[in-house]
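Read off the chains here:
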Amino acid sequence: MKLQSEHFRENLPAFLNNRQLRQNLAHATRTVLARRQALVAEIPDWEARRRAAYRKKKALLEDWDRQLAVFAEQAGRRGVQVYRAEDAAQAVALAVEIARRHNVRQVIKSKSMLTEEIGLNEGLAAQGVEVTETDLGEWILQLAGEAPAHLTAPAIHKSTEQIAELFSRKLGRPCPADPQELTRIARDHLRRKFLQAQMGISGANFAIVEEGAIAIVENEANARLTVSLPPVHVAFIGMERLLARRQDLALFLPLLTISSTAQKLTSFVSYLTGPAAADALDGPRHVYFILVDNGRRRMGRDARLRQALYCIRCGACYNACPVYQTIGGQAYGWVYQGPIGAVITPELVGLERAQQLPFASSLCGACSQICPVHIPLHELLLYQRHRIVAAGLTPHPERLAMRLFGWMFQRWDRYSKAFAWLHRLPWQRLAGSWSRTRRLPMLARRAFRQRAHSLFPRNRPQ
Ligand code: SF4
């Protein structure tokens, strides 16, 4: 997809003024948050689980190189061909090379944000390979020519009526605004694609180091068909997706499914250990794992930002974020959105190109509170702001104003003089309608610290 994060501010008004979008988002996020809350209330040790997940991811990424090597070795033993891709271009080139090796013309693909990140569909299409998305939400967006608007619910911003109108237009026949009927139409269309494809591409929710296996979580069974029907399966795996042991799934799966779709467990969890045996009736004969770096290891070198790599892509921080609830995902202009997107996008596409995103937050902390792996998102947002300022990327007048504020706030006499001067300004005219119902507050005659010292003299600092 086309990167537009540098145009975040310019793009905002269009999203802010879209009433239908806000209605769709409010309905979807409120529903899933309420259901999640009810499920969390049934789990007395939810907080302990979050902390345990944080500790496990922390330990694993502190030993990252060795864990990656063990994962690759174990997968290789089971007959999987494992590659590493340093960046997006290398990852796409590997997929093109595998497609050529197996004379692939048609590919089916299950939901994978990593493949969106590296621009896989465009890369394969440029080589004449047709890619069909098989996740219902992703297929809707492929028809619409749009980017996903959420980690786990890519078409969250669309109403049933909008989807019916899209299907009618693209498929050339009237389609009713009925979710069941729309799903049946999609299934009919996609079934043909499943049967024609020579290669299936998936992501991976978790990569299990001790067994060199991957786990995929879903509700539609399209991922299971994608990885089992065509003779070739290629899985794109973010290097941070590791879990040490299979038992860790008992901790991480409910954290993921409750936080993402508010389910105790999704309808399907596939555990893939390699190619089908020679005498098996079905299953892929060739399996490839492509471990993608694309900026992750650089992020991991910074102890604070490394915490963002513990993310299990549940999307709960999107749902809880008042900014996301107001503007939706596409406003952010890239694959990862909401609070976690605002933290990691500057690392993946460059601080300069995504410098506006960490400022798209009220720092209310709702994201940190809801994150199932306890990532302190609001602290990381502040940290990214600090790095952007330290890199001199904020506008010159803003830097000057902040220096002035810094000087002013150092001393009470400077602050009170500046405030008195502010009161003399014609606020009614300067601030327009905003000031009609508001007044600039008066400054107290004595600073709070002075008053506190006279009230509690014994606490006066020596
Ligand atoms: S940062 Fe936390 S809440 Fe947000 S998507 Fe990742 S795991 Fe989920």
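Rules and cut-offs
- Residues numbered from 1 in each chain as written.
- Predicted model: local features only at pLDDT ≥ 70, side-chain atom pairs only at ≥ 80, totals over all residues.
- Near = placed C-beta within 6 Å.
- Nonpolar A, V, L, I, M, F, W, Y, C, P; charged D, E, K, R; others polar.
- Domains from an automatic or database assignment.
- Pairing = 2+ DSSP bridges.
- Helix = DSSP H or I, 4+ residues; strand = E, 2+ residues; numbered from the N terminus.
- Core = buried A, V, L, I, M, F, W, Y, C linked by C-beta atoms within 7 Å.
- Buried ≥ 20, exposed ≤ 12 C-beta atoms within 10 Å, placed from the backbone.
- Contact = placed C-beta atoms within 7 Å.
- Axes fitted to C-alpha atoms, helices over the stretch in contact; angles between N-to-C directions.
- Parallel < 35°, antiparallel > 145°, perpendicular 65-115°, else oblique.
- Left-handed = near helix turned anticlockwise from the far one by under 90°.

1. Considering the site of the ligand
Taken together, 16 residues are adjacent to the ligand, and C311, C314, C317, I340 and C371 come closest. Of the residues assigned to the shell around the ligand, the class counts are 13 nonpolar, 2 polar and 1 charged.

2. A closer look at the domain arrangement of the protein
Here the protein is partitioned into domain 1 (1-40 + 320-394), domain 2 (43-294) and domain 3 (412-459). Measuring from the centre of the C-alpha atoms in domain 2 to the corresponding centre in domain 3 gives 56 Å.

3. Some words on the sheet that holds strand β5 (residues 206-208)
Taken in spatial order, the 4 strands line up as β8-β5-β6-β9 in an open sheet, and their pairing is mixed. Looking at strand neighbours, the two that pair on one side only are β8 (242-243) and β9 (268-272), the edges of this open sheet.

4. Comments concerning the nonpolar core
I214, I237, I290, V292 and C317 are the most contacted members of the largest nonpolar core, which has 92 residues in total. Formed jointly, this core draws a minimum of three residues from each of two domains, domain 1 (1-40 + 320-394) and domain 2 (43-294). Other than its neighbours up to four places away in sequence, I214 contacts A204, F206, A207, A235, I237 and L272. In this structure, A28, V32, L141 and A153 belong to the second largest nonpolar core, which totals 16 residues.

5. Re the packing of helix α3 (residues 46-62) against helix α12 (residues 248-260)
Across the interface, α3 lies against α12 with an axial gap of 10 Å and an inter-helix angle of 120 degrees. Classified by the interaxial angle, the pair formed by α3 and α12 is oblique. For the crossing formed where α3 meets α12, the hand is left-handed. Contact residues: R49, A52, A53 and K56 in α3; D248, L251, F252 and L255 in α12. For the contact of α3 with α12, the residue count by class is 5 nonpolar, no polar and 3 charged.

6. A short note on the environment of M239
With respect to the element layout, M239 can be found in the loop between β7 (232-238) and β8. Note on M239: 22 C-beta atoms within 10 Å, which makes it buried. Considered as a pair, M239 and I290 are 51 residues apart in the sequence and their alpha carbons are 9.2 Å apart. Once you skip the residues sitting within four places of it in the chain, M239 turns out to touch L68, L291, V292, D293, R296 and R297.

7. Re the pairing of strand β2 (residues 106-109)
Looking at chain direction, β2 and strand β3 (residues 130-133) are connected through 4 bridges and run parallel. Note that in β3 the partner of V107 across the bridge is V131.

8. Structural notes on the packing of helix α16 (residues 338-349) against helix α18 (residues 377-390)
Interhelical geometry of α16 versus α18 gives an angle of 35 degrees and a closest axis separation of 9 Å. In this structure, α16 crosses over α18, and the sense of that crossing is left-handed. Between α16 and α18, the residues in contact are P339, I340, A342, V343 and P346 and L377, L380, L381 and Q384, respectively. For the contact of α16 with α18, the class distribution of residues is 8 nonpolar, 1 polar and no charged.

9. Brief notes about the sheet that holds strand β10 (residues 286-292)
With respect to topology, 6 strands assemble into an open sheet ordered β1-β10-β7-β4-β2-β3, the strand pairing being parallel. The open sheet has two edge strands, β1 (81-85) and β3, and neither has a second partner. Between one strand axis and the next, the sheet turns by 20 degrees as a mean value, whatever way the strands run. With 5 bridges joining them, β1 and β10 adopt parallel strand pairing. Its bridge partner lying in β10, V82 is registered against F289.

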